[in-house]
Amino acid sequence: MPHFTVVPVEDNPPSNYDSLEGINWVDYRDTGQGGYPGHGDTVSSDGHGNHKEDSPFLNTTDSSKRNDYYDKNLALFEEELDIRPKVSSFLSRLVNYTNITQGAKEHEEAESAEASKRKIPKSPNMGTLMGVYLPCLQNIFGVILFLRLTWIVGTAGVVQSFIIVLMCCSCTMLTAISMSAIATNGVVPAGGAYFMISRSLGPEFGGAVGLCFYLGTTFAAAMYILGAIEIFLKYLVPQAAIFHAVDIHAGSSAMLNNMRVYGTICLSLMAVVVFVGVKYVNKFASLFLACVIISIVSIYAGAIKSIFHPPDFPICMLGNRTLVRDLFDVCQKMEVKGNETVHSKLWRNFCISENASSAHCDEYFAQNNVTEIQGIPGLASGIIRENMWGDYMEKGQILEKPSLPSVDVHGSMESFGFYVSADIATSFTLLVGIFFPSATGIMAGSNRSGDLKDAQKSIPVGTILAITTTSLVYFSSVVLFGACIEGVVLRDKFGDAVSNNLVVGTLSWPSTWVIVIGSFFSTVGAGLQSLTGAPRLLQAIAKDNIIPFLHVFGHGKANGEPTWALLLTGLIAELGILIASLDMVAPILSMFFLMCYLFVNLACAVQTLLRTPNWRPRFKYYHWALSFLGMSMCLALMFISSWYYAIVAMGIAGMIYKYIEYQGAEKEWGDGIRGLSLSAARYALLRLEAGPPHTKNWRPQLLVLLKLDEDLHVKYPRMLTFASQLKAGKGLTIVGSVIQGNFLDSYGETQASEQAIKNMMEIERVKGFCQVVVASKVREGISHLIQSCGLGGMKHNTVVMGWPYGWRQSEDPRAWKTFINTVRCTTAAHLALMVPKNVSFYPSNHERFTDGYIDVWWIVHDGGMLMLLPFLLKQHKVWRKCKMRIFTVAQMDDNSIQMKKDLATFLYQLRLEAEVEVVEMHDSDISAYTYERTLMMEQRSQMLRQMRLSSAERNREAQLVKDRHSLVRMGSLYSDEEEESIDVVPEKIQMTWTKEKLDAERRTRNNAPETFRELISIKPDQSNVRRMHTAVKLNEVIVNRSHDARLVLLNMPGPPRNPEGDENYMEFLEVLTEGLERVLLVRGGGREVITIYS
């Protein structure tokens, strides 16, 4: 226990602590309480409790108005106290925290200010014994102990029964250890297992396992009701049966129909009781628990008494076969009535005629003797040696005692009903499934965590003690039953051999009725508890809103009682009752409980192995290996008890998981699966860091550069459409954008831009990440994105960028200069580049091309990008029906026929299906058209330069007239894209200007023509003419061959090394792609991206 020392700090004058509490001034954003006026827009919420700040800074409002409320000692923090409360205020809120389930009317009143004045909430005060231990005992002990444990011991034998109990109890003990670790890791609100799993493993696992737990609890209610009806109809009031067997062979079907009718009535009555008020159920809980404890004590008392005075329950045996006792009175073939020896009722059952001389008796009856043995030989009899090993039977097999002499002959089928026989085929796995529900119920303590004084101490201690107690009872019961009761009686499920008495009741003391009545009330109580708990669990899942179609079940009565959830629970429980067999229902709920326990163990193991900072349980006696062992045992028990039920249960959980993943509301609960994803991502990234991917694994990892309009909307959404078609959900996609400005002033704008891009990505089904950068210049921002996007080995290798439309008409050169600068950056970074031109004409994701071609113009080889991209596009449904054509260009000295053969061979080795064509380009003279286009290009370039210069000069002179002592920026007039802006002044020089100085400055700085007339005399540069000639000739060929193609892919020529020719470069690209509807300009990253090898 840590020790704290409080040291007072004196100040003159001494401040009043109460006046500094600041509860009314501290803005508790996470509690929904009003804060300081004027701060309402500092923090916003997304509706799920995830708070977002609109500003990256803490509020810096004027604090002069509040100086009276703050201590001088905290003056350094006074501007932050509106969103970062003082420790005193924080602690005062923390100790008043309530973990009552949200939604109940009482809790809503407690939250309101008026009710808090009227009514002081009752603090939880339940201890370990009343709050955890006894509820767990009541939930664990149940119908199986009284109705089936003797039968399990008789069928499996003492040794194997011991193993069954050990497996089930070990599984629940390991689960309890994991559950204790989770339950003591912070405050667990009411919600129990569902809350623990969902907050540890996430909403998908939480919802899936929560519904499995709900179904398990609902089927448990059905099982308890069936148990109660079995006790009622078999042992309490057998006369109440509605359906009766027509003959002695049809007894089981009549019994099942009786169970269905009475079970439905009982379920309806219980549902009405739960609907009227849970308080009545809770009041009788202690009575039902007392019934259980008294019944168990009576078993031990009877076992001890059997040492000295065994109870008298004789069993009638014919040969070594066990007879149904209530079908006759005397266990003899002949009986003496008066002075006359007559045939007994037993003889009349097996023989047809009354006349002894001519009677036709059953052959087995005639050749075997009738003997009577004790059903309860007692603890000192040594019967345990016979009961040590199992005797598994097929359905309809007669119960036999091997040690008795018997003539092995077949009797007639008419006599079959007089023997005690097995009603179902038995096996070890079946018995595991039937017994496991008697080990469940360990969650009762964690479900009551809201009522406990110290939940973090009580839950582990109470639960583990309860499991230890019940396990000892089960182990001792297995030994006592095997040591006290005859084997054939143990295997007699319904007590037919002991005059329809409950088998465990025959051992009890002082009377059989103690067990019968006690077990009846305990099963009724357990059924009521299940019908009370299951609807609340469903309501908790519905209120979390992770499964949309369950939303209606979150509503209930005005006091929060889950009416609709109770109705659904009753309908599902009715399905279990219609099955009507306790032995069939038990394995079903075993599956659902085992699934729940499996995920409790998984949650603990994941949290432990991930070592998340928040994983600090107070319960220290856990280990991930124990959790994994528990998880493995749960999985093994599922498949041992019933492999087909296990598959169905896992299928249901899997479907719920996928449904929540795709349709459910997204929640961030800080769960372990998220932490597991982070660990896996970190591991994978470190592995990727080892080196660049092999050519076989290369795929375009995209950085899509988007442009936003003034309203922060995506200007060209088709860029994202194209990215989604190219990726088809595979690999990495980063969508980047640049906002021009200062980051300190543009944080809100950045958030809005990111949200707009994310929304558009969702619409266009692009799976990837978004990154918005604020930079003083757009080209710098793009450069930053290209350099820094991605993480480790998960970085982009391809940049997708839009074409600068309207660059010719604009006087502003920034658009095309930014474009060319980006091309240079990608080349320098060895990244591939794709420029979709006329992107607005690209198809949407809803269009389908039923025919057409994707044409590839392979002019220069830069890594094989041109061949790979059409293949990737054709994976998408939009382009799937398109065919691929590859064109390559042959010069005069090339052998075009051989080129075509080689290209076809190359494509065959690449496993690509495409038509191959070789286009011959003959040497021709430069046409007048080419010369004219080049001349127009250069004249336009010079003219725009002159216009920009003149504009700059005019602005400069106006500024000089306005202020003779202006600050002048030293540097080029039009060397950068933001020269016109006067926000940033790198150097400041104060100068006195005269007209002569100004003219001299102009002459030295400006080498451009002074008048537009000089533009006429410009002669085109020969290198430009050659480039234009290539562009014109290629464009003619491409338009001629590919004018009807759905998409044309083309090698993108690199920008000139000399920046002087940048504007001409743009013109060359325009000429090259003129007349084509959809063009994708592709530039490789300098590495091979496609290979012929496997």
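Residues numbered from 1 in each chain as written. Predicted model: local features only at pLDDT ≥ 70, side-chain atom pairs only at ≥ 80, totals over all residues. Heavy atoms only, no water.

## Observations concerning the overall build of the chain
The condition is simple: Under the scheme used here, helices are H or I runs from DSSP no shorter than 4 residues and strands are E runs no shorter than 2 residues, and both carry numbers assigned from the N terminus. Relative accessibility thresholds used throughout: buried, under 20% of the residue-type maximum; exposed, over 50%; partly exposed, between the two (1.4 Å probe, protein chains only). Two residues form a contact once any of their heavy atoms are found within 4.5 Å. Reported accessibility uses the Shrake-Rupley method at a 1.4 Å probe radius. Residues are deemed covered only where the shown protein chains occlude them.
Check the secondary structure of the chain and you find 33 helices and 19 strands. Each of the 1094 residues in the chain was classed as buried or not, and the buried ones make up 49%. Once local pairs closer than 6 in sequence are excluded, the contacts in the chain between residues at least 24 apart make up 79%. As displayed, the chain has an accessible area near 54400 Å², and 57% of this comes from carbon and sulfur atoms.

## Some points on the sheet that holds strand 9 (residues 733–740)
Here is the rule: Two strands are said to pair when DSSP picks up at least two bridges between them. Angular values range over 0 to 180 degrees, each being the angle between N-to-C directions of two axes fitted as lines to C-alpha atoms, with helices fitted over their stretch in contact.
An order of 10-9-8-11-12-19-18-13-14-15 is seen for the ten strands of this open sheet, with the pairing classed as mixed. Here the strands that pair on one side only, and so sit at the sheet edges, are strand 10 (769–775) and strand 15 (915–920). Shown here is a sheet whose adjacent strand axes are inclined to one another by a mean of 20°, direction ignored. Where strand 13 (residues 853–858) lies against strand 18 (residues 1047–1051), four bridges are found, and the strand directions are parallel. Within strand 18, the residue paired with Ile854 across the bridge is Leu1047. Against the sheet, helix 24 (residues 718–727) touches strand 8 (702–705), strand 9, strand 11 (798–801), strand 12 (832–837) and strand 19 (1079–1083), its axis set at about 170° to strand 8.

## Regarding the side chain of Asp855
The test is simple: Between N or O atoms, a polar contact is any pair within 3.5 Å; within protein, one atom must be a potential hydrogen donor and the other a potential acceptor, and residues adjacent in sequence are included only when both atoms are from side chains.
Topologically, Asp855 is positioned in strand 13. Separated by 2.7 Å, the side chains of Asp855 and Arg885 make a polar contact.

## A word on a nonpolar patch on the surface
Stated precisely, the cut-off is as follows: The patch calculation keeps residues exceeding 30% relative accessible area without a salt bridge and links them within 9 Å when they carry like charges or within 5 Å when they are nonpolar (Val, Leu, Ile, Met, Phe, Trp, Tyr). Should a side-chain nitrogen of Lys or Arg be within 4 Å of a carboxyl oxygen of Asp or Glu, the pair is scored as a salt bridge.
Taken together, the side chains of Val272, Val273, Phe275, Val276, Tyr280, Phe284 and Leu287 make up a nonpolar region of the molecular surface, amounting to roughly 630 Å² of accessible area. Contributing elements (two or more residues each) for the nonpolar patch: helix 9 (251–276) and helix 10 (278–308). Counting through the fold element by element, Val276 comes out in helix 9. Exposure remark for Val276: the relative accessible area of 55% places this residue in the exposed category.

## Side note on the state of the cysteines
Definition in use: Throughout, a disulfide means two cysteine sulfur atoms within 2.5 Å of one another.
Under the definition given, this model contains two disulfides. Across a sulfur-sulfur distance of 1.9 Å, Cys316 and Cys331 are joined as a disulfide pair. In this structure the cystine formed by Cys316 and Cys331 twists about its S-S bond by roughly 85°; its chirality is therefore right-handed. Of this pair, Cys316 sits in strand 3 (residues 314–318) while Cys331 sits in the loop between strand 4 (321–322) and strand 5 (334–337), placing them 15 residues apart in sequence. Of the residues examined, Cys316 reaches a relative accessible area of 1% and is grouped as buried. For the chain, the bonded cysteines pair up as 1-2, 3-4 when numbered in the order they occur along the sequence. The thiol sulfur of Cys789 is not disulfide-bonded, and the nearest other cysteine sulfur, from Cys770, lies at 9.6 Å.

## Side note on the nonpolar core
Soluble globular proteins: nonpolar side chains tend toward being buried together. How we decide: Put simply, buried Ala, Val, Leu, Ile, Met, Phe, Trp, Tyr and Cys residues joined by side-chain atoms within 4.5 Å make one nonpolar core.
Met223, Phe435, Met443, Tyr474, Phe481, Ile485 and Phe599 are the most contacted members of the largest nonpolar core, which has 170 residues in total. It is helix 8 (residues 203–236) that contributes the most residues to this core, 21 residues altogether. With residues up to four places along the chain from it excluded, the contact list for Tyr474 reads Ile140, Phe141, Leu145, Leu149, Val165, Cys169, Phe435 and Ser438. One finds Val714, Val839, Met867 and Leu873 within the second-largest nonpolar core, a separate group that totals 52 residues.

## Describing the pairing of strand 11
Burial of the side chains of strand 11 extends over both faces: Thr798 and Val800 are buried on one face and Val799 and Met801 on the other. As defined by bridge partners, strand 8 adjoins strand 11 across four bridges and the pair is classed as parallel. The residue bridging Val704 from the neighbouring strand is Val800, located in strand 11. Pairing of strand 11 with strand 12, which is carried by three bridges, proceeds in the parallel orientation. When the bridges of strand 12 are listed, Val800 appears paired with Met834.

## Description of the pattern of salt bridges
Tallied over the full model, the rule gives 14 salt bridges. The salt bridge partner of Glu486 is Lys401, with a shortest N-O separation of 2.7 Å. Of this pair, Glu486 sits in the loop between helix 15 (455–484) and helix 16 (487–491) while Lys401 sits in the loop between strand 7 (370–374) and helix 13 (428–435), placing them 85 residues apart in sequence. Both residues of the pair, Glu486 and Lys401, count as buried. Sharing partners across several salt bridges, the network here consists of Arg148, Glu230, Asp423, Lys493 and Asp583.

## Here we look at the environment of Trp347
Position of Trp347 relative to the elements: it lies in helix 11 (residues 345–350). Given a relative accessible area of 7%, Trp347 falls into the buried group. Placed 19 residues apart in sequence, Trp347 and Ala366 show a C-alpha to C-alpha distance of 9.5 Å.

## Description of helix 6 (residues 149–183)
Keep this limit in mind: Multiplying 1.5 Å by the helix residue count minus one yields the expected span of that helix. The angle separating two fitted axes, one through the seven residues that finish at a residue and one through the seven that start at it, defines the bend at that residue.
Between its first and last C-alpha atoms helix 6 spans 32 Å; for 35 residues at 1.5 Å apiece the expected length is 51 Å, and the helix comes up short by more than 12%. The sharpest bend along helix 6 comes to roughly 115°, located at Gly157. With respect to burial, helix 6 is a largely interior element, 28 of its 35 residues being buried.

## Let's talk about the packing of helix 8 against helix 19 (residues 563–579)
Heads up, the condition is: Throughout, the term roughly parallel applies to angles under 35 degrees, roughly antiparallel to angles over 145, roughly perpendicular to angles from 65 to 115, and oblique to all others. For a crossing to be left-handed, the near helix must be turned anticlockwise from the far one by less than a right angle; the clockwise case is right-handed. Gly is placed with the polar residues, together with every amino acid not listed as nonpolar (Ala, Val, Leu, Ile, Met, Phe, Trp, Tyr, Cys and Pro) or charged (Asp, Glu, Lys and Arg).
Between helix 8 and helix 19, whose axes approach to 8 Å, the crossing angle comes to 55°. Between helix 8 and helix 19, the crossing angle belongs to the class labelled oblique. For helix 8 against helix 19, the interelement crossing comes out right-handed. Across from Tyr214, Leu215, Thr218, Phe219, Ala222, Ile225 and Leu226 in helix 8, the residues of helix 19 making contact are Ala565, Leu568, Thr569, Ile572, Ala573, Gly576 and Ile577. Its residues assigned to classes, the contact of helix 8 with helix 19 comprises eleven nonpolar, three polar and no charged.

## Section: the packing of aromatic side chains
Inclusion rule: Here a Phe, Tyr or Trp ring, Trp counted by its six-membered ring, pairs with any other such ring whose centre lies within 6.5 Å, and the pair is stacked when the planes are under 30 degrees apart, edge-to-face when over 60, and tilted otherwise. Ring-over charges, as used throughout, are those where CZ of Arg or NZ of Lys falls within 6 Å of the ring centre and within 35 degrees of the ring normal.
Going through the model one piece at a time under the given rule, you end up with 27 aromatic pairs. Residues Phe162 and Phe475 carry aromatic rings whose centres are separated by 4.6 Å and whose planes lie at 35° to one another, so their mutual orientation is tilted. Taken as a pair, Phe162 in helix 6 and Phe475 in helix 15 lie far apart in primary sequence, 313 residues in all. Assessed through its relative accessible area of 36%, Phe162 is described here as partly exposed. Ring pairs connect the aromatic residues Phe350, Tyr364, Phe365, Phe418 and Tyr419, which therefore count as one cluster. Stacked on the ring of Tyr419, the Lys or Arg Arg321 has its end atom at 5.2 Å from the ring centre.

## Side note on unusual backbone geometry
Following Trp509, the chain continues to Pro510 via a peptide bond in cis, the omega torsion being 15°. On the secondary structure map, Pro510 appears in the loop between helix 17 (503–507) and helix 18 (512–543). Positive phi outside glycine occurs at Arg765, with the angle close to 60°. Its place among the elements puts Arg765 in the loop between helix 25 (747–763) and strand 10.

## Concerning the sheet that holds strand 7
Taken together, three strands build an open sheet; the order of strands is 4-3-7 and the sheet is antiparallel. A single partner strand is all that each edge strand has here, and the edge strands are strand 4 and strand 7. Across two bridges, strand 3 lies against strand 4 in antiparallel orientation. When the sheet's bridge partners are listed, Leu318 is paired in strand 4 with Arg321.

## Remarks on the packing of helix 6 against helix 21 (residues 624–641)
It is at 9 Å that the axes of helix 6 and helix 21 come closest, and there the two elements cross at 140°. Between helix 6 and helix 21, the angle is such that the two are oblique. Read as a crossing pair, helix 6 and helix 21 show a hand that is left-handed. The residues of helix 21 that touch helix 6, namely those facing Met167, Cys168, Ser170, Cys171, Leu174, Thr175 and Ser178, are Leu626, Ser627, Leu629, Gly630, Met633, Cys634, Leu637 and Ile640. Along the lines of polarity and charge, the residues of the contact of helix 6 with helix 21 split into ten nonpolar, five polar and no charged.

## Section: the environment of Lys543
Of note, Lys543 is situated in helix 18. Overall, Lys543 belongs to the partly exposed group, its relative accessible area being 38%. Along the backbone, Lys543 and Phe553 are ten residues apart, and their C-alpha atoms lie at a distance of 8.2 Å.

## Regarding a positive patch on the surface
Formally: None of His or the chain ends enter the tally, which takes Lys and Arg as positive and Asp and Glu as negative. A single reference atom marks each charge: NZ on Lys, CZ on Arg, CG on Asp, CD on Glu.
Together, Arg765, Arg848, Lys877, Arg880 and Lys881 line one region of the surface with positive charge. Secondary-structure assignment places Lys877 in the loop between helix 28 (865–873) and strand 14 (883–890).

## A few points about the confidence of the model for the chain
How we decide: Think of pLDDT as the predictor's per-residue confidence, scored from 0 to 100.
With 75% of its residues at a pLDDT of 70 or more, the chain shows a mean pLDDT of 77. Within the model, the stretch residues 97–119 combines pLDDT values under 50 with 26 contacts to residues more than four positions away or in other chains. Low pLDDT (under 50) marks residues 964–990, which in the prediction has 46 contacts with non-local residues, meaning those over four places away or in another chain.

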